[in-house]
Amino acid sequence: MRRFVEGADRGQSTLLPECLDDWVDENNPVRVIDAFVDALDLAALGFEGVEPSATGRPSYHPSALLKLYIYGYLNRVQSSRRLEREAGRNVEVMWLLGRLVPDHKTVADFRKDNGRAIRKVCARFVELCREMGLLAKASVAIDGSKFKAVNNRDRNFTRAKVERRRAQLEESVARHCHIYQVKALFPENPDRLRH
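Worth saying up front: this structure is predicted, and the values here are computed from it rather than measured. (Residues numbered from 1 in each chain as written. Predicted model: local features only at pLDDT ≥ 70, side-chain atom pairs only at ≥ 80, totals over all residues. Heavy atoms only, no water.)

*Asks:* I keep staring at the overall build of the protein and nothing clicks. Help me out?
*Replies:* Helix and strand counts for the protein stand at 8 helices and 0 strands. Along the protein, helices (α) and strands (β) appear in the sequence α-α-α-α-α-α-α-α when read from the amino end. A fraction of 64% describes how many contacts in the protein between residues 6 or more apart in sequence connect residues 24 or more apart. Working note: accessible area of the protein is about 16,400 Å², and carbon and sulfur atoms make up 53% of it. (Helix = DSSP H or I, 4+ residues; strand = E, 2+ residues; numbered from the N terminus. Contact = heavy atoms within 4.5 Å. Areas by Shrake-Rupley, 256 points an atom, 1.4 Å probe, with all protein chains shown as cover.)

Right, here's the structure in full:
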């Protein structure tokens, strides 16, 4: 394959292993997530499992799962199964979690059991952004929802259209009342109604 940029041989050994920190740029948002979560007092915010239990299988620290949750939120990855896959293949998430790969059930349980504490973290993050001047006083948030609108001429109403329709209905009612009155007067000869 001449005249093409070639990749490294996958089977090539290196004398010194590459550092994972070299793969994450200094300005990468995962570094902000890491510093933000490390500065939080998770026990005061109400996270469960901050103090490890004395017996049983060791669990993941809530800070690692919170970092994964925030990363997923910022990158529009909400599914716990997709977060599990990202932890196993995404270099940024590997750096953020120290190559931990929590399974989807652990991620889902963390989200379910710590909902109130996660909301407090989100409020603290917005507060921090305001302190740093990253948010203006008036913010608009758009969630990207799409709605199908049905607004053809037959389905939208203005005041003028409503008034015209009301007048048509009143005229129609008056006409029908007049016909029934005439029928009542001339029940033997219905042909007179046509004149």
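That shown, we press on.
*Asks:* I would appreciate a short explanation of the packing of aromatic side chains in the present structure.
*Replies:* A full pass over the atoms with the stated rule returns 2 aromatic pairs. Geometrically, the ring pair formed by Phe 47 and Phe 110 is stacked, given 5.8 Å between the ring centres and 10° between the ring planes. Linking Phe 47 in the loop between helix H2 (42-45) and helix H3 (62-74) with Phe 110 in helix H6 (residues 104-113), this pair joins segments that are 63 residues apart in sequence. Across the pair, Phe 110 and Phe 47 agree in class, each one buried. (Phe/Tyr/Trp six-rings, centres within 6.5 Å; stacked < 30°, edge-to-face > 60°. Buried < 20%, exposed > 50% of the residue type's maximum accessible area, 1.4 Å probe, protein only.)

*Asks:* How do you make sense of helix H4 (residues 80-89) when you look at a structure like this?
*Replies:* Given 3.6 residues to a turn, an α-helix orients residues that are three or four positions apart in the same direction. Every buried residue belonging to H4 is among Ser 80, Leu 83, Glu 86 and Ala 87, and all of these are buried. Each buried residue of H4 lies within a common arc of 110° when the element is viewed along its axis, so the set occupies one face. Along H4, exposed side chains directed more than 90 degrees from the buried face belong to Arg 82 and Arg 89. Looking at the buried side of H4, the elements it contacts are H3, helix H5 (91-97) and H6. Residue Ser 79 occupies the N-cap position of H4, its side-chain oxygen lying 3.3 Å from the main-chain nitrogen of Arg 81. (Arc of directions from axis to C-beta. Polar contact = N/O pair within 3.5 Å; in protein donor to acceptor, adjacent residues only side chain to side chain.)

*Asks:* Any chance you could explain the nonpolar core here in plain terms?
*Replies:* The nonpolar side chains of soluble globular proteins are, as a tendency, buried together. Leu 40, Phe 47, Leu 66, Ile 70 and Val 121 are the most contacted members of the largest nonpolar core, which totals 29 residues. Broken down by element, this core gets its largest block of residues, 6 residues, from H3. The contacts of Ile 70, once residues within four sequence positions are left out, are Ile 33, Phe 36, Val 37 and Val 121. (Core = buried A, V, L, I, M, F, W, Y, C linked by side-chain atoms within 4.5 Å.)

*Asks:* It is not clear to me how the side chain of Ser 80 should be interpreted in this structure. Could you clarify?
*Replies:* Relative to the helices and strands, Ser 80 is located in helix H4. Ser 80 sits in the buried class, given a relative accessible area of 15%. Residues in contact with Ser 80, not counting those within four places in the same chain, are His 104, Val 107, Ala 108 and Arg 111.

*Asks:* Before we go on, may I ask you to explain the packing of H3 against H6 in this structure?
*Replies:* Packing of H3 against H6 brings their axes to within 10 Å, and their N-to-C directions diverge by 95°. By the angle between their directions, the pair H3 and H6 is classed as roughly perpendicular. Residue-level contacts link Pro 62, Leu 65, Leu 66, Leu 68 and Tyr 69 of H3 to Thr 106, Val 107, Phe 110 and Arg 111 of H6. (Axes fitted to C-alpha atoms, helices over the stretch in contact; angles between N-to-C directions. Parallel < 35°, antiparallel > 145°, perpendicular 65-115°, else oblique.)

*Asks:* Got a minute to help me understand the side chain of Asn 114 in this structure?
*Replies:* When you line up the elements, Asn 114 lands in the loop between H6 and helix H7 (115-131). A relative accessible area of 4% places Asn 114 in the buried class. At 3.1 Å, the side chain of Asn 114 and the backbone oxygen of Phe 110 are in polar contact. Discounting chain neighbours no more than four positions away, the residues touching Asn 114 are Gly 46, Phe 47 and Glu 48.

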